[in-house]
Amino acid sequence: MTSSTPATALDAAGLARYIDHTLLKPEATQADVAALIAEAVQLGVYSVCVSPSMLPLILPADADLKVAVVCGFPSGKHASSIKAAEAALSVSQGTDEVDMVIDVGAAKAGRFDLIEADISAVRAEIPAPLILKVIIESAALTDDEIVGACRAAVAAGADFVKTSTGFHPAGGATVHAVRLMRETVGDALGVKASGGVRSHADALAMIEAGATRLGVSGSKAVLSGAPVEPSANPAAY
């Protein structure tokens with residue numbers, strides 16, 4: 001699940017396939033989501049990531065575009081049964097991927113058993129080949145807590161670990177956190193860097209650190225710094 005192509009070798013089209021084009025503002029409207037989808041198709045990104053109330057989405061018939069939705073967002077302070085029900089509803093409405101938030105307080109308390117159980121409850125409602133990403137809110141955690149949360153995600157059968165919601169005051173993704181997450185999960189899971197990825201340089205730094213997916217709201221700005229010449233690039237996991 002790691003890339004063999006150096007990030008610096010990615011052209012704009014290759015970099016776009018790492019991106020979940022994201023709109024999670026509370027004030028977002030259906031018109032905003034329609035504009036998000038149109039821009040996503042134009043940019044050639046991997047997916048759009050939206051709030052569950054925006055589902056179901058209407059995609060162009062020929063669009064090579066996945067649908068991701070958040071779950072237990074943004075606090076993670078929901079009962080596991082509620083997260084599972086939210087995930088199940090999203091799946092029934094056509095989502096391909098679910099990005100769930102853990103109970104960050106459980107990680108701070110060292111209760112990684114509770115985190116594993118929480119993730120497992122959501123995983124049960126998302127059958128393969130649908131994708132489950134686990135948001136650990138890395139900026140609010142110590143290194144040991146990041147490692148513990150990532151190990152819980154592996155044990156519960158998640159497909160990705162993800163740095164951040166982008167809503168926590170502690171901040172978003174860092175190169176250090178992404179590298180630590182990659183070292184912890186190895187090649188078993190994808191790593192998504194989200195929150196604060198605003199430039200082409202940011203994106204490349206996260207990929208070099210081990211990210212295989214990027215959560216980006218300003219995708220056009222990020223891609224504007226990439227070369228446009230075609231090259232052989234792996235699809236993002």
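Whatever comes next refers back to the structure up there.
Because the structure is predicted, anything quoted here is derived from the model rather than measured. Residue numbering note: each chain is counted from 1, following its sequence as written. Where totals are concerned, whole chains, interfaces and linings use all residues; where local detail is concerned, this predicted model gives features only for residues with pLDDT of at least 70, and gives and counts side-chain atom pairs only at 80 or more. Note: side-chain values were computed over all heavy atoms of the structure, leaving out hydrogens and water.

This part covers the sheet that holds strand β1 (residues 19-23). DSSP calls a pair of strands paired once it identifies at least 2 bridges connecting them. Under the scheme used here, helices are H or I runs from DSSP no shorter than 4 residues and strands are E runs no shorter than 2 residues, and both carry numbers assigned from the N terminus. Spatially, eight strands are ordered β1-β2-β3-β4-β5-β6-β7-β8 in a closed barrel, and the strand pairing comes out parallel. Pairwise comparison of adjacent strand axes, ignoring direction, gives a mean angle of 25° for this sheet. Of the strand pairs in this sheet, strand β5 (residues 131-135) and strand β6 (residues 160-162) are connected by three bridges, and their pairing is parallel. Along β6, the bridge assignment pairs Val134 with Val161. Structural elements are reduced to axes, namely lines fitted to C-alpha atoms, with helices fitted over the stretch in contact, and the angle between N-to-C directions of any two is expressed from 0 to 180 degrees.

Along the chain, the position of Leu59 falls in the loop between β2 (47-50) and β3 (66-71). Contact between two residues is taken to exist if any of their heavy atoms lie within 4.5 Å; hydrogens are not considered. Excluding anything up to four places from it in sequence, Leu59 contacts Ile37, Leu65 and Val67.

The next thing to look at is the environment of Ala221. With respect to the helices and strands, Ala221 occurs in helix α9 (residues 219-224). On the basis of relative accessibility, which here comes to 46%, the residue Ala221 falls in the partly exposed class. Expressed as a C-alpha distance, the spacing of Ala221 and Gly172, which sit 49 residues apart in the sequence, is 18 Å. Exposure classes here rest on a 1.4 Å probe applied to the protein chains alone. A residue is buried below 20% of its type maximum, exposed above 50%, and partly exposed in between.

Before going further, it helps to examine the layout of surface pockets. Buriedness of a pocket was judged along seven lines, with at least five required to meet protein on both sides within 12 Å; pockets are open sets of points on a 1 Å grid over the protein atoms alone, cavities are sets where a 1.4 Å probe fits but cannot get out, and lining residues have an atom within 4 Å of a point. Grid points are joined across faces, edges and corners, and a volume is the space filled by probe spheres set on the points. Taken as a whole, the largest pocket spans an internal volume of roughly 410 Å³. Under this grouping Gly is polar, as are all residues other than the nonpolar Ala, Val, Leu, Ile, Met, Phe, Trp, Tyr, Cys and Pro and the charged Asp, Glu, Lys and Arg. In terms of residue class, the lining of the largest pocket is built from five nonpolar, twelve polar and four charged.

So, about the pairing of β1. Counted residue by residue, β1 has five buried out of five residues, so it is predominantly covered. Where β1 meets strand β8 (residues 213-216), three bridges bridge the pair, whose relative direction is parallel. Across the sheet, His21 pairs through a bridge with Val216, a residue of β8. Here β1 pairs with β2 via four bridges, running parallel. Bridge pairing links His21 to Val48 in β2. If the strands point away from the viewer and the path from the first strand over the helix to the second runs clockwise, then the crossover is right-handed. A crossover connection joins β1 to the parallel β2 through helix α2 (residues 30-43); in handedness this β-α-β unit is right-handed.

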